[in-house]
Each structure stands twice: as structure tokens, then as C-alpha cells.
Amino acid sequence: MTMIIPIRPDVSISANQAAIKAAREIADLLREKLNAVIGLATGGTQVAVYRELVRMHKEEGLDFSHATFFNLDEFIGIPPDHPQSFHRYMNEHFFNHVNANRRHVHIPNGMSNQPLAESARYERMIKEAGGIDLQLLGIGRNGHIGFCEPGTFPNSKTHATALTPETRKDAASSFGGLRHVPKSAITMGMATILRSKRIIMLATGKTKAKAVEAMLTGPVTRDCPGSFLQGHPNVSYYFDQSAYARVAIAQSMPTPQP
Ligand code: GLP
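Residues numbered from 1 in each chain as written. Predicted model: local features only at pLDDT ≥ 70, side-chain atom pairs only at ≥ 80, totals over all residues. Heavy atoms only, no water.

Details of the overall build of the protein chain
Regarding its fold elements, the protein chain presents 8 helices and 10 strands. Taken over C-alpha atoms, the radius of gyration comes to 18 Å for the protein chain, in line with the 18 Å a tight globule of 258 residues would show. With respect to the three principal axes, the spread of C-alpha positions in the protein chain is 60 × 45 × 35 Å. Burial status across the protein chain gives 52% buried among its 258 residues. Accessible surface, the protein chain as shown: approximately 12,100 Å² in total, 54% of it carbon and sulfur. Once the 28 positive and 22 negative side-chain charges of the protein chain are each reduced to a mean point, those two points are 3 Å apart. (Helix = DSSP H or I, 4+ residues; strand = E, 2+ residues; numbered from the N terminus. Rg over C-alpha atoms; globule rule 2.2 N^0.38 Å. Buried < 20%, exposed > 50% of the residue type's maximum accessible area, 1.4 Å probe, protein only. Areas by Shrake-Rupley, 256 points an atom, 1.4 Å probe, with all protein chains shown as cover. Lys, Arg positive; Asp, Glu negative; His and termini not counted. Charge placed at Lys NZ, Arg CZ, Asp CG, Glu CD.)

In C-alpha cells form, the structure reads like this:
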């Protein structure tokens, strides 16, 4: 007997292969629907996705000029040109190298002195754009999605949130020490994300193995926001072998007999 999980993940040998497959799914949608609304994510995992999208733009003419983009989140209190801001990340890895229309590129404003109003504005803009056709996601070690940290309600909209110690610790080296890591962020809410028509979940590397296991095989719980994806009808899961390792082991274990 093997354990049955309710999805069909695509497991690649390498992290790069998994990212390339995720990028191709985005490209396929863009070729079908030039004016697609695409939700984007940041993090080390996604760098290879943007590398592939940029390559497809340069070598295959993949056209981003009619699409609209909404990023998941941004830190509160660091300016857009800060080396660790998600604005800067997106420009360096993606927007500076493709033909996206800047007027259709949206990232929450982490410098707003009214995070509540900024969150409401962001939520409204997504709605006005007709909702997100395809949302790219990664997962944090603690199961967070965007910056929907453990404890986030499934009906949450875009909001300002405190970052957990674990999330801040994970960001510490890139910020040059824990004390430089922002304490809060603006993030799409779980409801905002779950309303996307399609979702791509990409997780690679062994540090994500536990979160992937909880997301796929654990209960649907606020303790692991990634688990809410179990209730979404159209998620493509892309993993590398390391991120999927714990699920693979559990699947191949015989079910204990009474
Ligand atoms: C940040 C982002 C998430 C991302 C996570 C994992 O917290 N807000 O959207 O999924 O990091 O990042 P990495 O890919 O670097 O592990």
C-alpha cells in the first residue's frame, strides 16, 4: 500500500529543471493570452524562473508587453532601490530585461506610511485588473506563502503583517545581519492568492522538504499556509528531488497494519 496524495506533482532531478518547467507554463499562458494577469514571487528559488523567461524573451521573442503583473509582497520600511527590496529584485532579475509595460507592473509600496490603505489599494487594483490568471508561488521553510505567515486566515486579503522570527532569520544573511531585516511586510492575503485562476507552486532544495511534506500531505491548517493550496482546483506543483524527498519516502513506506 502506498500513501495517496491528492495531486500530481512534477518532480525534476535538478532545481534548474523544475524552474524551467515553471517558466514554460507561464510562457505557454502568455502565448495563449497576450494580456494575461500574472502574479509573481521573489526568493532564491524563482531566480532560475526569471532567467528562463528572460532567455525566452531574447531568443524566442516571448512578448510581455500586453501582460499585467502583480507581485505577492514587499517589505515595509525599505526603499525600492534597497538591495534587498523586492522592487529591486524584480527589476534586476526580470523587468529590466524584458518588454513589460511598466504601467502594468505592480508591487506593494512598502514605504507607504499608510500600510492599511496601501493594502486596500493593492487588493482593489487586482480586482480591477480582472483577478490573477496565473500566480507563481514559492514556499518558506515555515510553510509561508508570499508573506502569509503561519496563523494567516484563509479569507485574508492583502494586508500588512509581522514577519516571524524564522522568516527574519532566513533573510538575515542577505540583509547583513538579523537586526537589519524588516519586521513587517505587505502581502497579498490567502484569499487574494486562492482566487487566482491558476497557481504554480515551485519549491526546490532540501531546506524545503519539511514544508513541502506539510503542504501536500498534512492537514489543511493555518499552521502551514501552503496547505490551503490543497483546496485550489488548479495548482501545478513543480519540485526538485530534494524538496520532494520526504513525500517520496513517505509514499514508498508500507502503511502500518493494525
Ligand atoms: C520570501 C518570499 C516568498 C518566498 C520565500 C522563499 O519569504 N516572500 O514569496 O516563497 O521567501 O524564498 P526562497 O526561494 O529564497 O527560499
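Anyway, onward from the coordinates.
Points about the site of the ligand
Neighbouring the ligand are 13 residues; G44, T45, D73, H144 and K208 lie closest to it. Contact between the ligand and G44: an oxygen atom at 2.8 Å from a main-chain N or O atom of the residue. In this structure, an oxygen atom belonging to the ligand sits 3.5 Å away from a main-chain N or O atom of I139. Taking a 2 Å distance to the grid points as the criterion, the majority of the atoms of the ligand fall inside the largest pocket. Its residues assigned to classes, the shell around the ligand shows 4 nonpolar, 7 polar and 2 charged. (Near = heavy atom within 4 Å. Polar contact = N/O pair within 3.5 Å; in protein donor to acceptor, adjacent residues only side chain to side chain. 1 Å grid on protein atoms, 1.4 Å probe; cavity = no way out; pocket = protein on both sides within 12 Å on 5 of 7 lines; lining within 4 Å. Sits in = over half its atoms within 2 Å of the grid points. Nonpolar A, V, L, I, M, F, W, Y, C, P; charged D, E, K, R; others polar.)

Describing helix α2 (residues 47-60)
An ideal rise of 1.5 Å per residue puts 20 Å on 14 residues; α2 measures up with 19 Å between its terminal C-alpha atoms. All of the buried residues along α2 are A48, V49, Y50, E52, L53, V54, M56 and H57. Where the residues of α2 are buried, they touch α1 (15-32), β2 (37-40), α3 (86-93), β6 (134-137) and β9 (198-203). Positive backbone phi, approximately 75 degrees, marks G61, located one or two places after α2. (Expected span 1.5 Å × (residues − 1). Contact = heavy atoms within 4.5 Å.)

As for the sheet that holds strand β8 (residues 184-187)
Strands pair in a sheet through their backbones, by hydrogen bonds, and they do so in one of two ways: parallel or antiparallel. Taking strand neighbours across the sheet as the criterion, the 3 strands line up as β4-β8-β7 in an open arrangement whose pairing is antiparallel. Of all the strands in the sheet, just β4 (73-75) and β7 (159-162) have a single pairing partner and so form its edges. When strand polarity is set aside, the average angle formed by the axes of neighbouring strands in this sheet is 25 degrees. In this structure, β4 lies alongside β8, joined through 3 bridges in antiparallel fashion. Note that in β8 the partner of D73 across the bridge is T187. (Pairing = 2+ DSSP bridges. Axes fitted to C-alpha atoms, helices over the stretch in contact; angles between N-to-C directions.)

Concerning the environment of L137
In this structure, L137 sits in strand β6. Under the relative-accessibility criterion, L137 is labelled buried at 0%. Sequence-distant contacts of L137, defined by excluding residues within four places in its chain, comprise A41, Q46, L72, I145, I193, I199, I200, M201, L202 and L229.

Here we look at the packing of α2 against α3
Where α2 contacts α3, the axes come no closer than 9 Å and their chain directions differ by 40 degrees. In terms of their interaxial angle, α2 and α3 are classed as oblique. Along its contact with α2, which presents V47, Y50 and V54, the element α3 presents Y89, M90 and H93. Considering only residue class, the contact of α2 with α3 consists of 5 nonpolar, 1 polar and no charged. (Parallel < 35°, antiparallel > 145°, perpendicular 65-115°, else oblique.)

Observations concerning the environment of L134
Residue placement: L134 occurs in strand β6. Along the chain, L134 and V37 lie 97 residues apart, while their C-alpha atoms are 6.8 Å from each other. Excluding residues that lie within four positions of it along the chain, L134 makes contacts with E25, I26, L29, V37, I38, G39, R198, I199 and I200.

Section: the packing of aromatic side chains
By the definition in use, this model includes 14 aromatic pairs. Here the aromatic rings of F69 and F94 are separated by 5.9 Å at their centres, their planes lie at 80 degrees, and the arrangement is edge-to-face. Note that F69 is positioned in strand β3 (residues 68-71) and F94 in the loop between α3 and β5 (105-106), a separation of 25 residues in sequence. With a relative accessible area of 2%, F69 lands in the buried category. By relative accessible area, which is 0% here, F94 ends up buried. Relative to F95, the ring of F94 lies with its centre 5.0 Å away and its plane at 50 degrees, an arrangement referred to as tilted. One exposure class covers both F94 and F95, and it is buried. An aromatic cluster is built from Y50, F64, F69, Y89, F94 and F95, whose rings are joined through pairwise contacts. Between R222 and the ring centre of F153, over which it is positioned, the NZ or CZ distance is 3.7 Å. (Phe/Tyr/Trp six-rings, centres within 6.5 Å; stacked < 30°, edge-to-face > 60°. Lys NZ or Arg CZ within 6 Å of the ring centre and 35° of its normal.)

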